[in-house]
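Spelled out from the first residue to the last, the chains are:
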Amino acid sequence: MTPHRTDEAARLASGHVSPARLLASIEALAAFGTRPDHGVDRPALSATDFKARRHLIERAYALGCTVTTDACANLFMRRAGTEDLAPVMTGSHIDTQPTGGRLDGCYGVLAGIECIAALNDAGVSTRRPLEVVAWTNEEGTRFQPGAMGSSAFVDPALLERYGRAADTSGTTLADALDAHRRTFPGLAMRAEQDRAHAFIELHIEQGPQLELANVPLGVVSGIQGVRWYALTCKGVAAHAGTTPMHARHDAMTLAIALGTEIETFATALGREHTRVTFGRWSVTPNSINTIASEVTFTVDFRHPDADVLAAFDHRLAQCAARHRVATESLFSHEPVRFDDALIAHLGDACAAQGGRMLTLTSGAFHDAIYLAKHCPTAMLFVPSRGGISHNPNEATDDDHLVLGTRALAHALAALCNES
Ligand SMILES: [Zn+2]
């Protein structure tokens, strides 16, 4: 191993990414929990997940890495640096939706491991260690909430509450973490104070923007914020056939009018960036020939601008008061803006691949939203065919998977040589 100039190290690392090895590694990981429809079902901290983790750990050892874990069973695979400096981190998650694809999360972890293999093949040593992370339970389908591993890494106090979260069979996260410790007794604990120099998460877009623009790489400038509300409209149950229209108190009529009003002001406030969804409805008594006495429906509003989110909160409260409707806030997260220097750095890494790129905001949540509180953070996207994700048909062109990994290797190698 020889030290290289930073730009040379970056060029060598991206040039030594092996398309065949990368694509084979995606197939190999997908075998753990593979579904008959070619999707993947790999719940966090399940027996299947443990087998997949063992597979990754063995690969990491074969590449000369050290492997550690932490209190939330995050997996850290580290390639040593030549100096005693904070590591550069990359990675994502390997748990999936019950009817998930083979790329969501896994691509980011496997691309990170491919970057380590490429650095090894190129004979490049770096000043800083490079650490590939698989964050525990990002999807939040077995244990709620999602992104437990990354949020607990940034704020370990969260683990006390997370530990009590139970899956549908009554197994708690604390039980599952015990099982992880018993399965991997040889894994040392990562030093808690060991902060990262930077975090880059490479992920499939899970939406259509890159494909529609016919652009192979996306630099993600941030993640939009979200509000979740439940609104409860009251009426009076009565006979659908005998009650004149003017004498009704119909909770559903009110709910539909409210939905229209909310969609109208949400769109006016946020314009083309507005995402508003009325996804869950519960109707009492939910009978074909009875006027609804109560309707509760949810509102999911997302926008990249914190001022627009605040204005939405205000308008929703006004609207609910005017109609005497009860509102409950279920969840709220402010938008996250990624690190400007890192965004520029990723732009350079994409430009070095000769591919066109787009700067965009992520519509979905990712582990990076929490890492952004810990260290300079940014994300890279590759296109999702048809914008489809959380689906067995999730796919990305091989060329795009390779290009994303080359851009990642370029960016990581340069960051690993920063002082
Ligand atoms: Zn994901």
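Residues numbered from 1 in each chain as written. Predicted model: local features only at pLDDT ≥ 70, side-chain atom pairs only at ≥ 80, totals over all residues. Heavy atoms only, no water.

Caption draft 1: Layout of a nonpolar patch on the surface. A surface patch of nonpolar side chains, about 250 Å² in accessible area, is lined by Trp-228, Leu-330 and Phe-331. Note on placement: Phe-331 falls in strand S14 (residues 326-333). (Patch = residues over 30% accessible without salt bridge, like charges linked within 9 Å, V, L, I, M, F, W, Y side chains within 5 Å. Areas by Shrake-Rupley, 256 points an atom, 1.4 Å probe, with all protein chains shown as cover. Salt bridge = Lys/Arg side-chain N within 4 Å of Asp/Glu carboxyl O. Helix = DSSP H or I, 4+ residues; strand = E, 2+ residues; numbered from the N terminus.)

Caption draft 2: Looking closely at the UniProt feature "domain: Peptidase M20 dimerisation" (unreviewed entry) in the protein. Here, UniProt's "domain: Peptidase M20 dimerisation" (unreviewed entry) annotation points to residues 222-323. For the annotated span residues 222-323, helix accounts for 36% and strand for 28% of the residues, and the straight-line distance between the end C-alpha atoms is 36 Å. (UniProt positions renumbered as here; feature names shortened; annotations may be inferred.)

Caption draft 3: Here's a closer look at helix H13 (residues 398-416). The end-to-end C-alpha distance of H13, which contains 19 residues, comes to 27 Å, matching closely the 27 Å that a straight helix rising 1.5 Å per residue would cover. With respect to burial, H13 is a largely interior element, 15 of its 19 residues being buried. (Expected span 1.5 Å × (residues − 1). Buried < 20%, exposed > 50% of the residue type's maximum accessible area, 1.4 Å probe, protein only.)

Caption draft 4: Representation of the domain arrangement of the protein within the structure. The assigned domain composition of the protein is domain 1 (2-223 + 336-416) and domain 2 (225-333). Each of domain 1 and domain 2 has a C-alpha centre, and these two points are 38 Å apart. Contact residues are listed per partner, giving 7 residues for domain 1 and 6 residues for domain 2. Interface of domain 1 and domain 2: buried area, both sides summed, is about 470 Å²; carbon and sulfur atoms make up 62% of it. Looking at the side of domain 1 that touches domain 2, its residues break down into 5 nonpolar, 2 polar and no charged. (Domains from an automatic or database assignment. Contact = heavy atoms within 4.5 Å. Buried area = accessible area lost by both parts, 1.4 Å probe. Nonpolar A, V, L, I, M, F, W, Y, C, P; charged D, E, K, R; others polar.)

Caption draft 5: Seen up close, the UniProt feature "binding site: Zn(2+) 2" (unreviewed entry) in the protein. What UniProt calls "binding site: Zn(2+) 2" (unreviewed entry) maps, in this numbering, to Asp-104, Glu-139 and His-390. Spanning 287 residues, the named residues nonetheless gather at one spot, since no C-alpha pair among them exceeds 9.8 Å. Here Glu-139 lies in the loop between strand S6 (130-135) and helix H5 (148-154). Since its relative accessible area comes to 12%, Glu-139 is described here as buried. Residues in contact with Glu-139, not counting those within four places in the same chain, are His-93, Asp-95, Thr-96, Gln-97, Asp-104, Gly-146 and His-390. Examined against the element boundaries, His-390 turns out to sit in the loop between strand S17 (377-382) and H13. When near neighbours in sequence (up to four residues on either side) are disregarded, His-390 contacts Gln-97, Thr-99, Gly-100, Asp-104, Glu-139 and Gln-206. For His-390, the side chain forms a polar contact with the side chain of Asp-104, separated by 3.1 Å. (Polar contact = N/O pair within 3.5 Å; in protein donor to acceptor, adjacent residues only side chain to side chain.)

Caption draft 6: Just the nonpolar core, in detail. One finds Tyr-107 and Phe-338 to be the most contacted residues of the largest nonpolar core, which totals 99 residues. Counting residues per element, this core draws most heavily on H13, which supplies 12 residues. (Core = buried A, V, L, I, M, F, W, Y, C linked by side-chain atoms within 4.5 Å.)

Caption draft 7: Highlighting the pairing of strand S13 (residues 294-303). Burial analysis of S13 places 8 of its 10 residues in the buried class, the great majority of the element. Pairing between strand S10 (residues 225-234) and S13: 10 bridges, direction antiparallel. In the strand pairing of S13, Val-226 is matched with Arg-302. Here strand S11 (residues 275-277) runs beside S13; their pairing, made up of 3 bridges, is antiparallel. Looking across to S13, one finds that Val-276 is bridged to Phe-301. Summarising the sheet, strand S12 (residues 281-284) and S13 pair through 4 bridges and their orientation is antiparallel. Across the sheet, residue Ser-282 finds its bridge partner in S13, namely Thr-296. (Pairing = 2+ DSSP bridges.)

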